[in-house]
Amino acid sequence: MNLFGNTSLLSLRKIGVFAGQKVSSLSVLPTLDWAAEIARREDVAVVSGFHSLLERKVLEFLLRGRCGIIYVQARRLYKRPEEPYIEAFNAGRVLFVSNEPDTAIRASRATCLRRNQYVADIADELVFTSVSHESSIYDLTQSPKNIKIF
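All residue numbers refer to positions counted from 1 along the written sequence of the respective chain. Since the coordinates come from a predicted model, pLDDT governs what is reported: local features require at least 70, and pairs of side-chain atoms require 80 or more to be given and counted, while whole-chain, interface and lining totals use all residues. Calculation of side-chain values draws on the structure's entire complement of heavy atoms; hydrogens and water are dropped beforehand.

Q: I tried to follow the overall build of the protein on my own but got confused; where do I start?
A: Scanning the protein from terminus to terminus reveals four helices and seven strands. The helix count covers DSSP runs of H or I at least four residues long, the strand count covers runs of E at least two residues long, and both are numbered beginning at the N terminus. In the protein, the succession of α and β elements from N to C terminus is β-β-α-β-α-β-α-β-α-β-β. Dimensions of the protein along its principal axes, counting C-alpha atoms only, are 35 × 35 × 25 Å. Any residue under 20% of the maximum accessible area for its type is buried, any over 50% is exposed, and the rest in between are partly exposed; the area is computed with a 1.4 Å probe on protein chains only. Counting only residues that meet the buried cut, the protein has 47% of its 150 residues in that class. When checking whether two residues touch, look at their non-hydrogen atoms; a contact exists if any pair is within 4.5 Å. Intrachain contacts of the protein at a sequence separation of at least 6 include 68% that bridge at least 24 residues. In the form shown here, the protein has an accessible surface area of approximately 8,100 Å², with 50% of it arising from carbon and sulfur atoms. Positive: Lys, Arg. Negative: Asp, Glu. His and the chain ends are not part of the count. A charged residue contributes its charge at one atom only: NZ of Lys, CZ of Arg, CG of Asp or CD of Glu. In the protein, 20 positive and 16 negative side-chain charges are present, and the distance between their average locations comes to 3 Å. Using a 1.4 Å probe, accessible areas were evaluated by the Shrake-Rupley method; residue-level cover was limited to the displayed protein chains.

Q: How should the environment of Asp33 be read in this particular structure?
A: Looking at where Asp33 falls in the secondary structure, it is placed in helix α1 (residues 25-39). Judged by relative accessible area, which is 53%, Asp33 ranks as exposed. Residues Asp33 and Val58, spaced 25 residues apart in sequence, show a C-alpha to C-alpha distance of 9.4 Å.

Q: Would you mind showing me how to read the packing of aromatic side chains here?
A: Think of a pair of aromatic rings as described by two things: how far the centres are apart, and how the planes are tilted against each other in angle. What counts as a ring pair is set by centres within 6.5 Å for rings of Phe, Tyr and Trp (its six-membered ring), and what kind of pair is set by the plane angle: stacked under 30 degrees, edge-to-face over 60, tilted for all other angles. Evaluation of the coordinates by the stated rule reveals eight aromatic pairs. Between Phe18 and Phe128 the ring centres are 5.2 Å apart and the planes differ by 15 degrees, which places this aromatic pair in the stacked class. Residue Phe18 is located in strand β2 (residues 13-19), and its partner Phe128 is located in strand β6 (residues 125-129); the two are separated by 110 residues in the primary sequence. Summarising the burial analysis for this pair, Phe18 and Phe128 share the class buried.

So, in structure tokens, the structure goes:
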């Protein structure tokens, strides 16, 4: 496993976030309200691949807040933090994680599936939004962990 950033975030309560690629309009506002609330907390870290459109919107809220952010990538790690992560990274609020080799330049379906499983495995609780039965993340909703679905 490759880590870049504040590894102490792994000791916080971790909330895994997953959103489907096809976004339900009914789930957007509750999801963003949740993100705004969680962003204010310093005692948790949100862990996700921040890959889908709604996950990236959640990330925007989190970056403006105080919570930890564990960004699990389905490819090799960044060599240095990029915008818009620099401020939060320098404040010790961001950890980039990858289980992929340095040769994994781009995310693939296989690396995304491995990333999603890793997020579900390390999270203490899971939040799902806009997940349909056809979604690749649907099986993760069957986890015995504490789950919230929008």
